[in-house]
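As a plain string of letters, each chain reads:
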Amino acid sequence: MRTYLVTGGAGFIGSNYIHYMFRKYGDSIRIINVDVLTYAGNLENLKDVENLPNYTFIRADICDKEAISKIFAENDIDRVVHFAAESHVDRSIRNPEVFVQTNVMGTAVMLNCAKTAWEKEDGTFKEDKKFLHVSTDEVYGSLPDDDSAFFYETTPYSPHSPYSASKASSDMLVRSYMDTYHFPANITNCSNNYGPYQFPEKLIPLMINNALQGKSLPVYGDGRNVRDWLYVEDHAKAIDMVQEKGRLFETYNIGGHNEKRNIEIIEIILETLQEMLPDSDPRKAHINRDLITYVQDRKGHDRRYAIAPDKIKAEIGWEPETMFKEGIKKTIAWYCEHEDWMKNVTSGDYQKYYSEMYQS
Ligand code: NAD
Ligand code: TYD
């Protein structure tokens, strides 16, 4: 039975990936989820898999060399899928250091422990061991606003935020392991994800949650920044396909071919909520465009991200499957039906974060 070590599996993409993998492979794989449970990690996301005999949760910090090497020593790990990271740009602007610690140092620990466990005496690696480093398109910087350019795997790195700089650094570390040791790895750089279980600090769940509560919808700058949105399950599938069919040592860009300006996204959310909620739902009464509030722009705000997913399509046959219209409906329906999930994640520290972040 193949054993996967998933880091950050209690977060947004990690938990969706674990669900996807169990749906696809059932009891023919084993998954060990290693997560330290920061504010963004939530075991409620994994309630329906927590009792599976082939699923194990270990609470550990990826920066903790001893804990991670113990996991490798005690388990014959075949695949690492490395999601664990600090992931929010706004937080990185306010507190960059933890991003360097987790994203750079944590990745260094993961790489070193995997290398130690998988390396043979002659310096080659045991058969069929693979490490996949999950990264972001934000490492490539910002594109002009005119729809003409895209990010390719060959696009030079030009990160602007402390978040993207830390991810770029971790990508470079992975590259260095591949180049120096022939370490069996892949890197994937993905565009913005959306879907169930996303923490409401990111654009889409924050706007859905605020609209449902009749709170203002804070739009940074002129609201015309562009992001390329991908349904999270399509991302999970792409990661699996890269490990199954991709060429080792390669980088693959994963994108939705679905560019939208932030203000368009907010308008779609408002329209969809209006359509979806019955007139009898008290939350419907206050949902309207008057909630939209332009606020001070994010510092160093990247203008446009857009991925050309040509390589992954040509080599692996992956394409985004979920049209935005369909994906956003599923997402909004999920948040409307999971008020308790939202209440739980927004109690406590979230209130403090929100008032500090949006006070101006
Ligand atoms: P998330 O913030 O929802 O989850 C991160 C998870 O990592 C949490 O469960 C958290 O507890 C865990 N974690 C953080 N620090 C840790 C540590 N030191 N040790 C162990 N666990 C730790 O993030 P996400 O949106 O699911 O992103 C997952 C990965 O995908 C990240 O590497 C991110 O850079 C990348 N990515 C995200 C997006 C996106 O749109 N969300 C797009 C492209 C790439
Ligand atoms: P976000 O979800 O934080 O993802 P990223 O910055 O990693 O792309 O933000 C997506 C876009 O939405 C980005 O251009 C910033 C903007 N945004 C707002 O306008 N208001 C908000 O409250 C948030 C969180 C984001």
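Here the structure is shown first, and the text comes after it.
Conventions used here
Residues numbered from 1 in each chain as written. Chains lettered and ligands numbered in written order. Predicted model: local features only at pLDDT ≥ 70, side-chain atom pairs only at ≥ 80, totals over all residues. Heavy atoms only, no water. Pairing = 2+ DSSP bridges. Helix = DSSP H or I, 4+ residues; strand = E, 2+ residues; numbered from the N terminus. Axes fitted to C-alpha atoms, helices over the stretch in contact; angles between N-to-C directions. Contact = heavy atoms within 4.5 Å. Core = buried A, V, L, I, M, F, W, Y, C linked by side-chain atoms within 4.5 Å. Buried < 20%, exposed > 50% of the residue type's maximum accessible area, 1.4 Å probe, protein only. Parallel < 35°, antiparallel > 145°, perpendicular 65-115°, else oblique. Left-handed = near helix turned anticlockwise from the far one by under 90°. Near = heavy atom within 4 Å. Polar contact = N/O pair within 3.5 Å; in protein donor to acceptor, adjacent residues only side chain to side chain. Areas by Shrake-Rupley, 256 points an atom, 1.4 Å probe, with all protein chains shown as cover. Salt bridge = Lys/Arg side-chain N within 4 Å of Asp/Glu carboxyl O.

Undergrad: What is the right way to read the sheet that holds strand 1 (residues 2-7) from this model?
TA: The pairing of strands in a sheet comes from backbone hydrogen bonds and takes either a parallel or an antiparallel form. Strand order in the open sheet formed by seven strands is 3-2-1-4-5-6-11, with parallel pairing between adjacent strands. The strands lining the two open edges of the sheet, one partner per strand, are strand 3 (55-59) and strand 11 (251-254). Between one strand axis and the next, the sheet turns by 20° as a mean value, whatever way the strands run. Bridge analysis of strand 1 against strand 2 (residues 29-35) gives six bridges, and the strand direction is parallel. Paired with R2 across the bridge in strand 2 is I29. The sheet strands contacting helix 1 (residues 12-25) are strand 1, strand 2, strand 3 and strand 4 (79-82), and the helix crosses strand 2 at an angle near 170°.

Undergrad: Looking at this model, I keep getting lost on the nonpolar core. Mind explaining?
TA: The nonpolar side chains of a soluble globular protein tend to be buried with one another. I204, L217, I269 and L273 are the most contacted members of the largest nonpolar core, which totals 40 residues. Within the residue set of this core, elements represented by two or more residues are helix 6 (203-212), strand 8 (217-220), helix 8 (262-276), helix 10 (324-337), helix 11 (339-346) and helix 12 (349-358). Beyond its immediate sequence surroundings of up to four residues, I269 is in contact with I204, M207, I208, I328 and I332. Counting 31 residues, the second-largest nonpolar core is a separate cluster that includes A10, V49, L230 and I312.

Undergrad: What is the right way to read the packing of helix 4 (residues 97-118) against helix 5 (residues 162-181) from this model?
TA: At their nearest, the axes of helix 4 and helix 5 sit 8 Å apart, and the two run at 20° to each other. Relative to helix 5, helix 4 is oriented roughly parallel. The handedness of the crossing between helix 4 and helix 5 comes out as right-handed. Between helix 4 and helix 5, the residues in contact are F99, V100, N103, V104, T107, A108, L111, N112 and K115 and Y163, S166, K167, S169, S170, L173, V174, Y177 and Y181, respectively.

Undergrad: What is the right way to read the site of ligand 2 from this model?
TA: Close to ligand 2 lie 19 residues; E138, R227, R298, H301 and Y358 are nearest. Note that an oxygen atom of ligand 2 is positioned 2.6 Å from one of the side-chain N or O atoms of E138. N262 is positioned with one of its side-chain polar atoms (N or O) 2.9 Å from an oxygen atom of ligand 2. A total of 510 Å² of accessible area belongs to ligand 2 in isolation, and the protein chains cover 98% of it. Breaking the shell around ligand 2 down by element, the ones donating at least two residues are helix 6 and strand 8.

Undergrad: Please explain the pattern of salt bridges as it appears in this structure.
TA: Pairing between side chains of opposite charge can happen when the charged atoms of each approach one another. Evaluation of the coordinates by the stated rule reveals 26 salt bridges. With its nearest N and O atoms 3.6 Å apart, the salt bridge here joins E233 to R23. Taken together, the positions of E233 in helix 7 (residues 232-245) and R23 in helix 1 put the pair 210 residues apart, joining distant regions of the chain. Taking the shortest distance from any N to any O, the salt bridge between K311 and E250 comes out at 2.6 Å. Of this pair, K311 sits in helix 9 (residues 310-316) while E250 sits in the loop between helix 7 and strand 11, placing them 61 residues apart in sequence. Overall, the relative accessible area of 19% leaves K311 in the buried class. One network of salt bridges, in which partners are shared, links D145, D222, R261 and R303.

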